[in-house]
Structure formats: C-alpha cells, structure tokens
Amino acid sequence: MSEAPAEAGPRPASDPDAGPAAPRTLDAFLHAIAARAFRFAELGLQHREDALDAVQDAMLRMLRYADRPAAEWTPLFWSVLRRRMVDVQRRRLLRLGWLRGDAREDGSVIDWTPDPQADPAHRHDDREAYARLAAALRALPRRQREAFTLRVLEELDVAATAQAMGCSEGAVKTHLFRAREALQRQLEDFR
C-alpha cells in the first residue's frame, strides 16, 4: 500500500483540509500539547503530582531542542516525556517498594472535568465512560498503553510513534494491535 505523495509547498489558509496550523514557536507548541501530555502522564503514572512533575520536566528539557525544526518537536516531546515517566516509575519502585510492599497507586479516579453545558445525567455518563476507559488503559502493559495513546489519542503516525517509544515501527504495530484487542474485550459490555 503506497502513501499519497506529499504536496509541494504549504496549503492556502482557505483550504478546508489544511487542518490546524502547526505552532511556529516552541512555546506555542508546548502550550498546545500541555493538557494532552498531562492526561498521558497521569494515565501512565496514576499519580497527579508525579504526572505534573514529569510533564514540567519534559517541557523544560524540550527547551534544549528549540533550534530543531518544528516537525521534529512532536515525536521528540513524546519520547522525552515517556523516558521521564519511566524514570519516575523506576524511582517509585525503589523508593516506595520497601515501604508498601506494592508500588501500585490506590486506583483513585482521575480528576476530569466534563462538559459544563451538559445535563447532570449526561455528565455522569461521560465521567463513567472516561473512568472505564482510563481503568482499561491502566490495565494495559506500559508499551501497549503508550502505543495506543500516541497512535490513537494523539494521532501520531507510526514512524513518529516508533521514534517517541524508541522501538521499531513493527513493534508499534504489534503493541497497538494487542492494545486494541485488550481494550475491546474490556470495554465490550460498556457499549
């Protein structure tokens, strides 16, 4: 299967298929990705403060790469954040493992703000659906969760996801396939 050839030059602003414009500065890029990065980190680390610290550290580390082309920022940021999350998890295992005997968090619900315009029943359904999805994602192995989040939720292509995860494109496809199968089994009765 071949991909469509890349267009020569930028699309005009009136083009409806152009999509959102890419941020021109690193500051604008980091501002645009902050909320998604926090959700990604919170799902992976299962601890709000650790997630905030990991995202902040990843953003600070991105300042070193301000001179890189904007097209490289997305996979580079996700790679930096993922490595920072692994560091936090390893440190938590070493630091807290001997105290608790178990390094897992208490499974508390992620603080998620639903649409304020929706009626209470709809907001409850939204919170319940998000909680089910978050729990299903937390139950996945780390690499499957990363592949699913980066490919499906962040809509990165396979090459960018492989670069962010530090693995081959084939490994990304395998992790994504297994994640989709597991999520489908876990969420089948919720449809």
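Structure: above.
My aim in this report is to walk through the structure given alongside it, one point at a time. (Residues numbered from 1 in each chain as written. Predicted model: local features only at pLDDT ≥ 70, side-chain atom pairs only at ≥ 80, totals over all residues. Heavy atoms only, no water.)

Next up on the list: the overall build of the protein. Helix and strand counts for the protein stand at seven helices and zero strands. Secondary structure elements of the protein, listed N to C terminal, follow the sequence α-α-α-α-α-α-α. Burial statistics for the protein: of 191 residues in total, 35% are counted as buried. Within the structure as shown, the protein displays about 12300 Å² of accessible surface, and the carbon and sulfur contribution to it stands at 52%. (Helix = DSSP H or I, 4+ residues; strand = E, 2+ residues; numbered from the N terminus. Buried < 20%, exposed > 50% of the residue type's maximum accessible area, 1.4 Å probe, protein only. Areas by Shrake-Rupley, 256 points an atom, 1.4 Å probe, with all protein chains shown as cover.)

Before going further, it helps to spend a moment on the packing of helix 6 (residues 158–165) against helix 7 (residues 169–187). Interaxial distance between helix 6 and helix 7 falls to 8 Å at its minimum, and their mutual angle equals 95 degrees. Judged by the inter-axis angle, helix 6 sits roughly perpendicular to helix 7. Contacts between helix 6 and helix 7 involve Val158, Ala159, Thr161, Ala162 and Met165 on the former and, on the latter, Glu169, Val172, Lys173 and His175. A breakdown of the residues in the contact of helix 6 with helix 7 according to their chemical character gives five nonpolar, two polar and two charged. (Axes fitted to C-alpha atoms, helices over the stretch in contact; angles between N-to-C directions. Parallel < 35°, antiparallel > 145°, perpendicular 65-115°, else oblique. Contact = heavy atoms within 4.5 Å. Nonpolar A, V, L, I, M, F, W, Y, C, P; charged D, E, K, R; others polar.)

Turning next to empty space enclosed by the protein. Once rolled over the atoms, a probe with the size of a water molecule shows which space is left empty. Tallying each qualifying case throughout the model produces one cavity of 30 Å³ or more. Roughly 40 Å³ of volume is contained in the largest cavity. What lines the largest cavity is simply Phe40, Gly44, Met85, Val86, Gln89, Arg142, Arg145 and Glu146. Grouping the amino acids of the lining of the largest cavity by side-chain chemistry returns three nonpolar, two polar and three charged. (1 Å grid on protein atoms, 1.4 Å probe; cavity = no way out; pocket = protein on both sides within 12 Å on 5 of 7 lines; lining within 4 Å. Points joined across faces, edges and corners; volume = space filled by probe spheres on them.)

The subject of this paragraph is helix 2 (residues 48–62). End to end, helix 2 covers 21 Å across 15 residues, agreeing with the expected 21 Å (1.5 Å per residue, within 8%). Every buried residue belonging to helix 2 is among Asp50, Ala51, Ala54, Val55, Asp57, Ala58, Met59 and Met62, and all of these are buried. (Expected span 1.5 Å × (residues − 1).)

Once that is clear, we can look at the side chain of threonine 149. Following the sequence through the fold, threonine 149 ends up in helix 5 (residues 142–153). A residue is classified by how much of its surface remains accessible, and threonine 149, at 3% relative accessible area, is buried. Apart from residues no more than four positions distant in its own chain, threonine 149 is found in contact with Phe40 and Glu154.

When you tally the buried positions in helix 6, you get six out of eight residues, the bulk of the element. Along helix 6, the positions that sit buried rather than exposed are Val158, Ala160, Thr161, Ala162, Ala164 and Met165. Downstream of helix 6 by one or two residues, glycine 166 has phi in the positive range, about 70 degrees.

This next bit is on the nonpolar core. Residues Phe29, Met62, Phe77, Trp78 and Leu81 are the most contacted members of the largest nonpolar core, which totals 44 residues. Looking at this core, the elements with two or more residues in it are helix 1 (26–45), helix 2, helix 3 (70–100), helix 4 (120–139), helix 5, helix 6 and helix 7. At ten residues, helix 1 tops the list of elements feeding residues into this core. Not counting residues within four places of it along the chain, the set of residues in contact with phenylalanine 29 comprises Pro23, Met62, Trp73, Thr74 and Phe77. (Core = buried A, V, L, I, M, F, W, Y, C linked by side-chain atoms within 4.5 Å.)

What follows deals with the pattern of salt bridges. A complete count under the given rule lists eight salt bridges for this structure. Where arginine 142 meets glutamate 146, a salt bridge forms, and the shortest distance between an N and an O atom there is 3.3 Å. With arginine 142 and glutamate 146 both in helix 5, this residue pair falls four residues apart, about one helical turn. Several salt bridges share partner residues, and in doing so they unite Arg82, Arg142, Arg143 and Glu146 into one network. (Salt bridge = Lys/Arg side-chain N within 4 Å of Asp/Glu carboxyl O.)

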